[in-house]
Amino acid sequence: VRRRLRTPNLVIEGLNLGRMTNTSVAVAYLKGVVSPALVQEVKQRLERIDIDGILEGSYIEELIQDDPYTPFPQMIYTERPDRVVASLLQGRVCIFTDGTPMVLFMPVVFQDMLQNPEDYYERYHYASAIRLLRYMGLAVALLLPSLYVAVITFHQEMLPTQLLISIAASREGVPFPAVVEALIMEITFEALREAG
């Protein structure tokens, strides 16, 4: 990170966590870019950690996050130095944990979930087009199954007669309602994605 970010404003502060493991942890940020309140909040949360051992950065994430029950990540892991440097330049705080190549950075916003580190290496127009495709893909993935269920179940009059007859014929042997069919489809896609 220091090779890529040659500035005296890069601050790396170390501390040890875990009563038994005494794991070295480093907090990195760019002075003058990051909000001092954010740095103070991260340090306070790290100092409140009281646990026997920190073996990996996910322990830290679990202990300092705001809401442990949210399905949305509040911090992101990366092992790429270029992504760490980019996050530091964007005013974020990074946490390095001894013994693991993964770096935790925070705070995270929704658009971070739809970015790829390779976007930084592409021309502006190409990277913007790819990001736009990702957003459109997200909209299709969220809206199309629910639109299918709504039209098939409640608003058949919106479909042309020939299409409605074709859909009714294809659904004739299906023992589940459209909602269950859509849920099975989503679960199957997720299982295939995880298996890949």
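Residues numbered from 1 in each chain as written. Predicted model: local features only at pLDDT ≥ 70, side-chain atom pairs only at ≥ 80, totals over all residues. Heavy atoms only, no water.

This part is about the overall build of the protein chain. A count of helices and strands for the protein chain gives 6 helices and 5 strands. Ordered by position from the N terminus, the helices and strands of the protein chain form the series β-β-α-α-β-α-β-β-α-α-α. Whereas a compact globule of 196 residues would reach a radius of gyration of roughly 16 Å, the protein chain reaches 23 Å, over 25% beyond that. Principal axes of the C-alpha set define a box for the protein chain whose edges measure 70 × 45 × 30 Å. Within the protein chain, buried positions represent 31% of all 196 residues. Put simply, 54% of the contacts in the protein chain that link residues at least 6 apart link residues at least 24 apart. Of the roughly 13,000 Å² that the protein chain leaves accessible, carbon and sulfur atoms contribute 61%. Averaging the positions of the 17 positive and the 23 negative side-chain charges in the protein chain gives two centres separated by 11 Å. (Helix = DSSP H or I, 4+ residues; strand = E, 2+ residues; numbered from the N terminus. Rg over C-alpha atoms; globule rule 2.2 N^0.38 Å. Buried < 20%, exposed > 50% of the residue type's maximum accessible area, 1.4 Å probe, protein only. Contact = heavy atoms within 4.5 Å. Areas by Shrake-Rupley, 256 points an atom, 1.4 Å probe, with all protein chains shown as cover. Lys, Arg positive; Asp, Glu negative; His and termini not counted. Charge placed at Lys NZ, Arg CZ, Asp CG, Glu CD.)

With that out of the way, let us pick up the nonpolar core. Membership of the largest hydrophobic core comes to 18 residues, with the highest contact counts inside it found for Leu46, Ile60, Ile64 and Ile95. If sequence neighbours within four positions are ignored, Leu46 has contacts with Leu15, Leu17, Val27, Ile60, Ile64 and Ile95. Counting 12 residues, the second-largest nonpolar core is a separate cluster that includes Leu10, Ile76, Cys94 and Val103. (Core = buried A, V, L, I, M, F, W, Y, C linked by side-chain atoms within 4.5 Å.)

So, about the sheet that holds strand S1 (residues 10-17). Spatial strand order, S1-S2-S4-S5-S3: 5 strands in an open sheet with antiparallel pairing. Each of the sheet's edge strands pairs with one partner strand only, and the pair in question is S1 and strand S3 (76-78). Between one strand axis and the next, the sheet turns by 25° as a mean value, whatever way the strands run. The pairing of strand S4 (residues 93-97) with strand S5 (residues 103-106) spans 4 bridges and is antiparallel. Paired with Ile95 across the two strands is Leu104, which belongs to S5. (Pairing = 2+ DSSP bridges. Axes fitted to C-alpha atoms, helices over the stretch in contact; angles between N-to-C directions.)

Another point: the pairing of S4. For S4, a buried count of 4 out of 5 residues is recorded, marking the element as mostly surrounded by other parts of the structure. Here 4 bridges tie strand S2 (residues 23-30) to S4, and the two strands are oriented antiparallel to one another. In the sheet register, Val27 faces S4, and the bridge partner there is Ile95. Taking the residues between adjacent antiparallel strands as the criterion, S4 and S5 are bridged by 5 residues, where Gly99 takes a positive phi near 95°.

Next up on the list: the confidence of the model for the protein chain. Summarising the model, the protein chain shows a mean pLDDT of 88, and 100% of its residues fall at 70 or more. Here helix H5 (residues 161-171) stands out as the least confident element of the protein chain, with mean pLDDT 81; S4 is the most confident, with 94. (pLDDT = per-residue confidence, 0-100.)

Moving on to a nonpolar patch on the surface. A cluster of nonpolar side chains, Phe176, Val179, Val180, Leu183, Ile184 and Ile187, forms an exposed patch at the surface whose accessible area comes to about 520 Å². Here Ile184 shows up in helix H6 (residues 178-195). (Patch = residues over 30% accessible without salt bridge, like charges linked within 9 Å, V, L, I, M, F, W, Y side chains within 5 Å. Salt bridge = Lys/Arg side-chain N within 4 Å of Asp/Glu carboxyl O.)

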